[in-house]
Amino acid sequence: MFDRKTTSDKISATLSKLADDVDAAAGNDYRRYTSRLAPGDTIEPMDGTIRTDEGRAECSRIIAAAKERVREICDQARDEALAEMAEAPSPAATAFIAGLEARDKVSADELVAGLRAYGDNWTAYNAMMALVKREETRQKTIIPINVSNTLEGATDYIDGARASTSTTISKCFRNPTKPDTAGLRLHVSFSQYLGEIL
């Protein structure tokens, strides 16, 4: 079942692991770098800089694996959302909606009650929202509806999360010798605070 928070949490966990893995790779790279120094060579400080070709290749593999994992998470979320959207409404929902559609006038209370009772199904939700629009047009008034379906904007959210994550990874790792894992961790923390991937 599609859930924005679950999707966001999985992406955040993937980005956090990416930062940890790149930091570990930088530590391995530093040890590799210092093992190759000759006596009298100046030792550069351990500051997260990737100094060897092997280290850059290792970081590239780690980043590629994280991007692939984010793609898998987003694909799974999209599949779950589309499967939910394809579910047929219950017979009770179908009968309720057909009854409302057959009437000339439907009250706002009936529409809200129908949305609360059957709005968890995407097809029923859309049919009820079409009735809301019909009644707003007929009654020439706005009907306040404080009910939404968890699939409302789901595919837009997934596409946005995918694009945002790709942009974040590209920004934090645009310099192959100086990865910005601190910036990535800050982004993850802020996203977790807001409850959504930015």
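Residues numbered from 1 in each chain as written. Predicted model: local features only at pLDDT ≥ 70, side-chain atom pairs only at ≥ 80, totals over all residues. Heavy atoms only, no water.

Caption draft 1: Examining the nonpolar core more closely. If you look at the biggest cluster of nonpolar residues, it comprises 44 residues, and the most contacted ones within it are Phe2, Leu18, Leu111 and Phe173. Going through the elements one at a time, α1 (4-35), α2 (53-86), α3 (91-102), α4 (108-118), α5 (122-139), α6 (154-172) and α7 (181-194) are the ones with two or more residues in this core. Top contributing element to this core by residue count: α2, with ten residues. Residues in contact with phenylalanine 173, not counting those within four places in the same chain, are Leu18, Val22, Ile63, Pro179, Asp180, Thr181 and Leu184. (Core = buried A, V, L, I, M, F, W, Y, C linked by side-chain atoms within 4.5 Å. Buried < 20%, exposed > 50% of the residue type's maximum accessible area, 1.4 Å probe, protein only. Helix = DSSP H or I, 4+ residues; strand = E, 2+ residues; numbered from the N terminus. Contact = heavy atoms within 4.5 Å.)

Caption draft 2: The arrangement of α4 in detail. Taken as a whole, α4 has its buried residues at Leu111, Val112, Gly114 and Leu115. The buried residues of α4 occupy one face: seen down the axis, they fall within an arc of 160 degrees. Opposite the buried face of α4, by more than 90 degrees, sit the exposed residues Asp109 and Arg116. Looking at the buried positions of α4, the neighbouring elements they touch are α3 and α5. (Arc of directions from axis to C-beta.)

Caption draft 3: Molecular detail of unusual backbone geometry. The phi torsion at lysine 140 lies on the positive side, around 50 degrees, for a residue other than glycine. Within the secondary structure, lysine 140 is located in the loop between α5 and α6.

Caption draft 4: Expanded view of the packing of α3 against α4. At a closest axis distance of 11 Å, the pairing of α3 and α4 adopts a crossing angle of 165 degrees. Here α3 lies roughly antiparallel to α4, going by the angle between them. For the crossing formed where α3 meets α4, the hand is left-handed. On α4, the residues that touch Ala92, Ala93, Phe96 and Leu100 of α3 are Glu110, Leu111, Gly114 and Tyr118. Considering only residue class, the contact of α3 with α4 consists of six nonpolar, one polar and one charged. (Axes fitted to C-alpha atoms, helices over the stretch in contact; angles between N-to-C directions. Parallel < 35°, antiparallel > 145°, perpendicular 65-115°, else oblique. Left-handed = near helix turned anticlockwise from the far one by under 90°. Nonpolar A, V, L, I, M, F, W, Y, C, P; charged D, E, K, R; others polar.)

Caption draft 5: Quick look at α7. The first and last C-alpha atoms of α7 sit 20 Å apart over 14 residues, in line with the 20 Å expected at 1.5 Å per residue. Within the sequence span of α7, burial applies to Thr181, Leu184, His187, Val188 and Ser191. The buried residues of α7 occupy one face: seen down the axis, they fall within an arc of 120 degrees. Looking at α7, the residues exposed on the side facing more than 90 degrees away from the buried face are Ala182, Leu186 and Tyr193. Tucked into the core, α7 has its buried residues touching α1 and α6. (Expected span 1.5 Å × (residues − 1).)

Caption draft 6: Summary view of the state of the cysteines. All told, the structure shown has zero disulfides when counted by the stated rule. With no disulfide of its own, cysteine 74 lies closest to cysteine 172 among cysteine sulfurs, the gap being 17 Å. Residue cysteine 74 is classed as buried on the basis of its relative accessible area, which comes to 0%. A disulfide-free cysteine, cysteine 172 has its sulfur positioned 13 Å from the sulfur of cysteine 59, the nearest such atom. (Disulfide = S-S within 2.5 Å.)

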